[in-house]
Amino acid sequence: MGSRLGRRVVHFANLPIKLLMPSNFNNITEIAIKTIPSASKIEIKRVLESLYGFEVDKVSTLNMEGKKKKRGGLLVAKPDYKKAYITLRSPLSISPDLYPIRILEEEKQRMNKQTKSSVVEDGEGKHHWLVDDRPRVAEKKYERFGVRDRDRRRGGGGGGGGGGEVAKFPWSSMRSPHVTSARR
Amino acid sequence: MLVSRIFGRTLFAAAKSETYSATAAATSVVRNPLQDFFEADRSVDDDKPVVYGRSWKAPELRLKSWDDLNKLWYVLLKEKNMLMTQRQMLHSQNLRFPNPERIPKVRKSMCRIKQVLTERAIEEPDPRRSAEMKRMTNAL
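Parameters at a glance
Residues numbered from 1 in each chain as written. Chains lettered and ligands numbered in written order. Predicted model: local features only at pLDDT ≥ 70, side-chain atom pairs only at ≥ 80, totals over all residues. Heavy atoms only, no water. Helix = DSSP H or I, 4+ residues; strand = E, 2+ residues; numbered from the N terminus. Buried < 20%, exposed > 50% of the residue type's maximum accessible area, 1.4 Å probe, protein only. Polar contact = N/O pair within 3.5 Å; in protein donor to acceptor, adjacent residues only side chain to side chain. Salt bridge = Lys/Arg side-chain N within 4 Å of Asp/Glu carboxyl O. Axes fitted to C-alpha atoms, helices over the stretch in contact; angles between N-to-C directions. Parallel < 35°, antiparallel > 145°, perpendicular 65-115°, else oblique. Left-handed = near helix turned anticlockwise from the far one by under 90°. Contact = heavy atoms within 4.5 Å. pLDDT = per-residue confidence, 0-100.

> Hey, could you run me through the side chain of Ser55(B) in this one?
Residues and elements named next belong to chain B. You can see Ser 55 is positioned in the loop between helix H1 (16–22) and helix H2 (58–61). Residue class for Ser 55 comes out buried when judged on its relative accessible area of 14%. At a separation of 3.4 Å, a polar atom in the side chain of Ser 55 contacts the side chain of Arg 112.

Here's what the structure looks like:
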């Protein structure tokens, strides 16, 4: 009867697709979009291919809940959405001169600059506690001593490095705690 | 499907539909489909207020053929997606989304398209009616 509908032609597709900001602007191979949770992967692929002309390689999706906030006794919830990561067959690029992109970039730059703390210790930059990349002063001299004197070298190098530069703060010569762990 | 850039905004002009179907042809370079999510000729800074049209009205839509309405539907759908993308991007950086009343205008125009088509489908004698109405409420 009505399922003579092998008719898989959809005449009025109604899929809201919101593109999320791509990470970089040249060589985009993956884009992320937000849709309604009842959209299927195949549907998304078909709509993007036919309506927009993307060359879709793969679509992977996940359902996300909207953020919920409780204000007083009331629960305020944003709608749930589906995120889809779409792999393109050939990389695309987009110019940042289209409307909102430039403004968003500038906004992001400003936010990044503000969150950088104004208190900067001597010799601090972005350091990870596993990577020891502090400037070594006169390292060659100590290689002769071998492994035994490793902690002494570290102590000497730390003190020498701190004293060699112009000390910004009166506490610059103090060693930060993560150096002393080498002694054990 | 090639959508002419003239319909980037939901403008109504009487002659537009004719020119639309005519220019849908091959004046397009290979267009980056990502551009369809962003607004056409809109400069970065706030030079002048954006001019946008009003929504389509039902009597105007009743004059159009099924194909025209089909194409218009997809134009409006792309416009709505573009506006929603813009709104989402601006809100994610806590900026203000200017002119948010454009989205309901597009949405209601799409609603009126479906309404006009349903009206036409009801007028049909029997076997056509159910098939046509089913095709329309087919979406998703």
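Here the narrative resumes.
> Looking at this structure, I do not really get the pattern of salt bridges. What am I missing?
Pairing is possible between side chains of opposite charge, provided their charged atoms come close. Residue and element names in this part refer to chain B. Applying the stated criterion across every chain, the model contains six salt bridges over all chains. Glu 60 is paired through a salt bridge with Arg 54; the nearest N and O atoms lie 2.8 Å apart. When its relative accessible area of 15% is taken as the criterion, Glu 60 is described as buried. With a relative accessible area of 34%, Arg 54 lands in the partly exposed category. Salt-bridge contacts for Arg 62 lead to Glu 119; the nearest nitrogen and oxygen are separated by 2.9 Å. Here Arg 62 is found in the loop between H2 and helix H3 (66–92), whereas its partner Glu 119 is found in helix H4 (residues 102–123), with 57 residues between them in sequence.

> I would appreciate a short explanation of the packing of H3(B) against H4(B) in the present structure.
Between two packed helices, what matters for the description is the angle formed by their axes and the separation of those axes. Residues and elements named next belong to chain B. At a minimum axis distance of 9 Å, the contact between H3 and H4 shows a crossing angle of 155 degrees. Our classification of the angle between H3 and H4 gives roughly antiparallel. Note on packing geometry: the crossing formed by H3 with H4 is left-handed. Here Trp 66, Leu 69, Leu 72, Trp 73, Leu 76, Leu 77, Glu 79, Lys 80, Leu 83, Met 84 and Arg 87 of H3 lie close against H4, whose contacting residues are Arg 102, Ile 103, Val 106, Ser 109, Met 110, Ile 113, Lys 114, Val 116, Leu 117 and Arg 120.

> What should I look at first to understand the side chain of Glu60(B) in this one?
Within the secondary structure layout, Glu60(B) lies in helix H2. A polar contact is formed between the side chain of Glu60(B) and the side chain of Arg54(B), at a distance of 2.8 Å.

> Help me out: how do you make sense of the confidence of the model for chain A in this one?
Reading predicted coordinates in detail is not appropriate for stretches of low pLDDT. Residues and elements named next belong to chain A. In this model, chain A carries an average pLDDT of 74, and 62% of its residues clear a pLDDT of 70 or more. Of all secondary-structure elements in chain A, the lowest mean pLDDT belongs to helix H3 (residues 150–164), at 47, while strand E3 (residues 56–64) reaches the highest, 93. In the model, residues 1–5 has pLDDT below 50 throughout and makes one contact with residues more than four positions away in sequence or in other chains. Note on residues 155–164: pLDDT under 50 across the span, and four contacts to partners over four residues away in sequence or across chains.

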